[in-house]
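# Report on the structure
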Amino acid sequence: MGTFHQDKGDLHGITVVVDTVGHEVYIGRCDEMTEERILLHDVDVHRDGEDGRSKDDYVERAARFGIWKKLEQFAIPTEAIASVRRLGDL
Amino acid sequence: MPYSSLMVNPMKEELTSIGFQELLTPEDVDAFMSEREGTALLVFNSVCGCAAGQARPGVHLALQNESRPDRLVTVFAGQDTEATKQARSYFEDIPPSSPSIALFKNSELVYFVPRHRIESRSAEEVAADLKSAFDRYFAAAPAS
């Protein structure tokens, strides 16, 4: 039993890693993914090299323990997205 | 604001009906954590259907394993907020998420399943993960 929102796509409610073509990687709970953008809730963001960690290093740690929310929500435009992966698959 | 009891009670009962004790207050949590001996499973229950809908049946399936925790306890995130906050304070280096599942041996956190490792899995996959952890951390040492 639970709350479901089947109309928002397969990734709705799933924690995803959104790598960008720039320096940032975003990790958050996907609300919806459209042709224009992906909207995330409870978002963590890491900039490549910040605190001495690459984007890959940061994602690897997040896959083990989870993320610290830095933003309530954030939308990433499609043209800025390099890849979208499920954190649970990493 | 906490959820309506009408909504969360059936989700709580999925666990209490199979032997889980609810930790409703910070004092309940402290009493649980003060018990230093034995093994325990703490479920951070939640309303999220995308993940909790797999977590609860996954836990139920896992508990059919031969090796299993001695004590079963649960807090409900978003409902029993103070108890949840207190439970999370015992492992502050791990980001909060719900649903999530923590395994303890002699009051030490030995295994943690965050939300993102539940939400994209089936109940059977969640159970397999937990059974593997039960066998690793809770199986009795062979007699010498």
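Up top is the structure these notes are about.
Rules of the game
Residues numbered from 1 in each chain as written. Chains lettered and ligands numbered in written order. Predicted model: local features only at pLDDT ≥ 70, side-chain atom pairs only at ≥ 80, totals over all residues. Heavy atoms only, no water. Pairing = 2+ DSSP bridges. Helix = DSSP H or I, 4+ residues; strand = E, 2+ residues; numbered from the N terminus. Contact = heavy atoms within 4.5 Å. Axes fitted to C-alpha atoms, helices over the stretch in contact; angles between N-to-C directions. Core = buried A, V, L, I, M, F, W, Y, C linked by side-chain atoms within 4.5 Å. Buried < 20%, exposed > 50% of the residue type's maximum accessible area, 1.4 Å probe, protein only. Phe/Tyr/Trp six-rings, centres within 6.5 Å; stacked < 30°, edge-to-face > 60°.

This part covers the sheet that holds strand E2 (residues 39–45) of chain B. Residues and elements named next belong to chain B. Here five strands make up an open sheet; going across it, the order is E1-E3-E2-E4-E5 and the pairing mixed. Each edge of the open sheet is held by one strand with a lone partner, namely strand E1 (21–22) and strand E5 (108–113). Of the strand pairs in this sheet, E2 and strand E3 (residues 71–76) are connected by six bridges, and their pairing is parallel. The partner of Val43 across the bridge, within E3, is Thr74. Helix H2 (residues 26–34) rests against E1, E2, E3 and strand E4 (100–105) of the sheet, and its axis sits at about 155° to E3. Where helix H5 (residues 123–138) meets the sheet, it contacts E2, E4 and E5, and its direction lies at approximately 10° from that of E4.

All right, on to the nonpolar core then. Residue and element names in this part refer to chain B. The biggest cluster of nonpolar side chains holds 22 residues, and the ones touching the most others in it are Phe20, Leu41, Val59, Ile101, Leu103, Leu130 and Phe134. Secondary structure elements with two or more residues in this core: E2, helix H3 (52–62), E4, E5 and H5. When residues in this core are grouped by element, the largest group, seven residues, is from H5. Once residues within four sequence positions are removed from consideration, Leu103 is found in contact with Ala40, Leu41, Glu108, Leu109, Val110, Tyr111, Ala133, Phe134 and Phe138. Judged by nonpolar contacts, the second largest core, of 16 residues, contains Ala40, Leu42, Phe44 and Ala83.

Residues and elements named next belong to chain B. One pass over the full model with this rule turns up seven aromatic pairs over all chains. Residues Phe44 and Phe91 carry aromatic rings whose centres are separated by 6.1 Å and whose planes lie at 90° to one another, so their mutual orientation is edge-to-face. Residue Phe44 is located in strand E2, and its partner Phe91 is located in the loop between helix H4 (81–88) and E4; the two are separated by 47 residues in the primary sequence. For the pair Phe44 and Phe91, one class covers both residues: buried. On the numbers, 6.1 Å between centres and 45° between planes, the contact of Phe91 with Phe104 is tilted. Taken as a pair, Phe91 in the loop between H4 and E4 and Phe104 in strand E4 lie far apart in primary sequence, 13 residues in all. Considered together, Phe91 and Phe104 belong to a single accessibility category, that of buried residues. Grouping aromatic residues by their ring pairs yields a cluster made of Phe32, Phe44, Phe91, Phe104 and Phe112.

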